[in-house]
Amino acid sequence: RMSGEVVFTHEEISRLSMEKEAIIEESILQVECANFKSDECARNLASYSEALDAEKTNLEVKFSKLVLSHKELARRYMDSEANVQRMSGEVVFIHEEISRLSMEKEEIMEESESQLQHVNGRLKE
């Protein structure tokens, strides 16, 4: 033997070889487990992604309906405002018409009274 040379017995070589095989098998199991967990994570991620896409679509539909509702409410408000303006104009017109008719009535009553006084005056003669 040379100095510093390491000599292994047949049993030691067998034992080291078996340890090496056990370590390789353990490593393979760990890699397979990691692959399984990775696949499981990928499936979960895909499932969550599908659920999020469905919820996003649902929210987009609700948002579209809200926008349409808002537009409809705005249109109705504008229609109401237009109706209020129109009715206000009609109320002013009716009030003016009542005032005009009231003045005409006063004039007719004065004219009638004047004519009645004239007739009474002639009858007294």
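So, a few notes on the structure that sits alongside this text. (Residues numbered from 1 in each chain as written. Predicted model: local features only at pLDDT ≥ 70, side-chain atom pairs only at ≥ 80, totals over all residues. Heavy atoms only, no water.)

### As for the state of the cysteines
Put plainly, two cysteines are in a disulfide when a covalent bond ties their sulfur atoms together.
Reasoning step 1: Evaluated as defined, the whole model comprises zero disulfides.
Reasoning step 2: Cysteine C33 shares no disulfide, and the gap to the nearest cysteine sulfur, in C41, comes to 11 Å.
Reasoning step 3: Given the relative accessible area of 37%, C33 is considered partly exposed. (Disulfide = S-S within 2.5 Å. Buried < 20%, exposed > 50% of the residue type's maximum accessible area, 1.4 Å probe, protein only.)

### Concerning a negative patch on the surface
Reasoning step 1: Together, E106, E107, E110 and E113 make up a region of like negative charge exposed at the surface.
Reasoning step 2: Tracing the chain through its elements places E110 in helix 1 (residues 10-124). (Patch = residues over 30% accessible without salt bridge, like charges linked within 9 Å, V, L, I, M, F, W, Y side chains within 5 Å. Areas by Shrake-Rupley, 256 points an atom, 1.4 Å probe, with all protein chains shown as cover. Salt bridge = Lys/Arg side-chain N within 4 Å of Asp/Glu carboxyl O. Lys, Arg positive; Asp, Glu negative; His and termini not counted. Charge placed at Lys NZ, Arg CZ, Asp CG, Glu CD. Helix = DSSP H or I, 4+ residues; strand = E, 2+ residues; numbered from the N terminus.)

### Notes on the pattern of salt bridges
Reasoning step 1: One pass over the structure, following the stated rule, counts eight salt bridges.
Reasoning step 2: The partner of R75 in a salt bridge is E72, and the shortest N-O contact between them spans 2.6 Å. Taken together, the residues R75 and E72, both in helix 1 and three residues apart, mark about one turn of the helix.
Reasoning step 3: The exposure class assigned to R75 is partly exposed, which follows from its relative accessible area of 41%.
Reasoning step 4: It is possible to trace a salt-bridge network through shared partners that takes in E72, R75, R76 and D79.

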